[in-house]
Amino acid sequence: ADAAMVHKLTGVAPSVALHIPWDKVDDWLALKSYASEIGIEIGAINPNVFQDEAYKFGSICHSEAKVRRMAIDHMLECVEIIKATGSRDLSLWFADGTNYAGQDGFRARKFRMQEAFREVYDALPDGARMLIEYKFFEPAFYHTDLADWGIAYMMASKLGDKAQVLVDTGHHAQGTNIEHIVATLLDENKLGGFHFNNRKYADDDLIVGTVNPFELFCIFNELMAAEDSTVDSVAECARNVAYMIDQSHNIEPKIEAMVQSVINCQIALAKALLVDRTALADRQAANDVLGAHRQLTDAFECDVR
């Protein structure tokens, strides 16, 4: 009902992601019907393989087969929920990692991860996708098994076309050029979706676009450029990106914060659509550094509200 209110007010937030088991119900068809009645759809399904005490030393990378089996079975349960609700995306994030050198073997953990991914990937129905998220630290402080976009990309590439990378805008080291990552994944047809949020130092709790709106604009600039690409596969990848919001609102009203998040994304999108791509390409070809830069800043500084 809260998500439906956000969609009613914005017109561009037509689905709500579910986290399992937090959002688990007895009758998925009834939930799907109720969502339809209030004007929204069921979005991505997110398994929880980090909260249970059994996952203290990892989930799909755990050294014990019974723990890995527990995590895999939960993800397979979420695949069945996708089938029941008509959702498209299985969104995966893992807290797996280690805190001390020598705690576990890197390659052994990588192999376990690959095995788990393969079993879940093979169970996906036609039309469904696996979106693999990454995070370079927390809660593991020595190493994280899915630490960056490169590892997520590698795993997705090993699996096949139904596996892509999910970029969480708050899951990067300070100074990371996220729009560069976005452009690279688009060119490889491996950008599957976003978790939009913002952070000042680490993690992902703030309303998107509140700390660094120019970064958000630059991300959307790459997305809009890809949608206009003459390379059909790149354009198709851009048009199928799942735009999701993943935030933790603790001091601000939650529905209002979500509405503001959607609006900030729409503002960044509208500004990106104002970029004169022909003029930008001409400036770039001529090595007109500031002229090319101004093509972006002129669009960014427009008040599109």
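Just so we're clear, the structure is a prediction, and the values are computed from it rather than from any experiment.

1. Brief notes about the layout of surface pockets
Each pocket or cavity is described by its volume, and for the second largest pocket that value is around 240 Å³. Along the walls of the second largest pocket sit 14 residues, with Y55, K56, A95, G97 and P139 positioned nearest its centre. Residues belonging to the lining of the second largest pocket are distributed by class as follows: seven nonpolar, five polar and two charged.

2. Digging into the packing of aromatic side chains
Scanning all chains against the criterion turns up 15 aromatic pairs. For the pair F194 and Y243, a centre-to-centre distance of 6.1 Å together with 5 degrees between the ring planes defines the contact as stacked. Taken together, the positions of F194 in strand β8 (residues 191-196) and Y243 in strand β9 (residues 242-245) put the pair 49 residues apart, joining distant regions of the chain. You can call Y243 partly exposed: its relative accessible area is 38%. The ring of Y121 has K162 lying over it, and the distance from NZ or CZ to the ring centre is 5.4 Å.

3. Considerations on the packing of helix α6 (residues 178-187) against helix α7 (residues 213-227)
Where α6 contacts α7, the axes come no closer than 8 Å and their chain directions differ by 15 degrees. Considering the angle they form, α6 stands roughly parallel to α7. Considering how the two elements wind past one another, α6 and α7 form a crossing that is right-handed. Judged by residue contacts, I178, E179, V182, A183 and L186 of α6 engage E215, C218, I219, E222, L223 and A226 from α7.

4. Regarding a nonpolar patch on the surface
A cluster of nonpolar side chains, contributed by M5, L9 and I255, occupies part of the molecular surface with about 250 Å² of accessible area. You can see M5 is positioned in helix α1 (residues 2-10). Overall, the relative accessible area of 36% leaves M5 in the partly exposed class.

5. Section: the nonpolar core
One finds I60, F117, M130, L191 and L223 to be the most contacted residues of the largest nonpolar core, which totals 73 residues. Not counting chain neighbours up to four residues away, the residues in contact with I60 comprise R68, A71, I72, M75, F94, D96, R112, M113, A116 and F117. If you look at the next biggest cluster of nonpolar residues, it comprises five residues, including A44, L166, A242 and M244.

6. What about empty space enclosed by the protein?
Counted according to the given criterion, the structure contains one cavity of 30 Å³ or more. Volume-wise, the largest cavity comes out at about 40 Å³. Lining the largest cavity are T169, N197, N198, V208, G209, N212, E215, L216 and I219. Among the residues making up the lining of the largest cavity, the classes are represented as three nonpolar, five polar and one charged.

7. Here we look at the state of the cysteines
Throughout the structure, instances matching the rule amount to zero disulfides. Here C78 stays unpaired: no disulfide links it, and the sulfur of C61, its closest cysteine neighbor, is 17 Å away. Judged by relative accessible area, C78 falls into the buried class, the value being 0%. With no disulfide partner, C265 has as its closest neighbouring cysteine sulfur the one in C218, 14 Å distant.

8. Some remarks on the pattern of salt bridges
Taken as a whole and judged by the stated rule, the model has 14 salt bridges. Between R109 and D145 there is a salt bridge; the shortest N-O distance is 2.8 Å. Of this pair, R109 sits in helix α4 (residues 106-123) while D145 sits in the loop between β6 (143-144) and α5 (149-159); the two residues are 36 residues apart in sequence, bridging distant segments of the chain. Per residue, the accessibility class of R109 equals that of D145, and both read buried. Here K135 ties to D203 by a salt bridge, and the two come within 3.2 Å at their closest N and O atoms. In this pair, K135 sits in the loop between β5 (129-133) and β6 while D203 sits in the loop between β8 and α7, placing the two residues 68 residues apart along the sequence. As far as burial versus exposure is concerned, K135 and D203 are alike and both buried. By sharing partners, the salt bridges in this structure join D104, R109, R112 and D145 into a single network.

9. Some details on the pairing of strand β1 (residues 15-20)
As judged from the five bridges shared by β1 and strand β2 (residues 41-47), these two strands associate in the parallel manner. Bridge pairing in β2 places V16 opposite I42. Handedness of the crossover joining β1 and β2 through helix α2 (residues 28-37): right-handed.

10. Looking at the pairing of strand β7 (residues 163-168)
The element β7 is largely enclosed, with a buried count of six among its six residues. Two elements, β5 and β7, share four bridges in a ladder whose sense is parallel. Among the inter-strand pairings, M130 is bridged to a residue of β7, identified as A163. Direction of pairing for β7 relative to β8: parallel, over a ladder of four bridges. Paired with D168 across the two strands is H195, which belongs to β8. On the question of chirality, the crossover connecting β7 to the parallel β8 by way of α6 is right-handed.

Cut-offs applied
- Residues numbered from 1 in each chain as written.
- Predicted model: local features only at pLDDT ≥ 70, side-chain atom pairs only at ≥ 80, totals over all residues.
- Heavy atoms only, no water.
- 1 Å grid on protein atoms, 1.4 Å probe; cavity = no way out; pocket = protein on both sides within 12 Å on 5 of 7 lines; lining within 4 Å.
- Points joined across faces, edges and corners; volume = space filled by probe spheres on them.
- Nonpolar A, V, L, I, M, F, W, Y, C, P; charged D, E, K, R; others polar.
- Phe/Tyr/Trp six-rings, centres within 6.5 Å; stacked < 30°, edge-to-face > 60°.
- Helix = DSSP H or I, 4+ residues; strand = E, 2+ residues; numbered from the N terminus.
- Buried < 20%, exposed > 50% of the residue type's maximum accessible area, 1.4 Å probe, protein only.
- Lys NZ or Arg CZ within 6 Å of the ring centre and 35° of its normal.
- Axes fitted to C-alpha atoms, helices over the stretch in contact; angles between N-to-C directions.
- Parallel < 35°, antiparallel > 145°, perpendicular 65-115°, else oblique.
- Left-handed = near helix turned anticlockwise from the far one by under 90°.
- Contact = heavy atoms within 4.5 Å.
- Patch = residues over 30% accessible without salt bridge, like charges linked within 9 Å, V, L, I, M, F, W, Y side chains within 5 Å.
- Areas by Shrake-Rupley, 256 points an atom, 1.4 Å probe, with all protein chains shown as cover.
- Salt bridge = Lys/Arg side-chain N within 4 Å of Asp/Glu carboxyl O.
- Core = buried A, V, L, I, M, F, W, Y, C linked by side-chain atoms within 4.5 Å.
- Disulfide = S-S within 2.5 Å.
- Pairing = 2+ DSSP bridges.
- Right-handed = clockwise from strand over helix to strand, strands pointing away.

Fair warning: the whole summary comes from geometry, so function is off the table for now.
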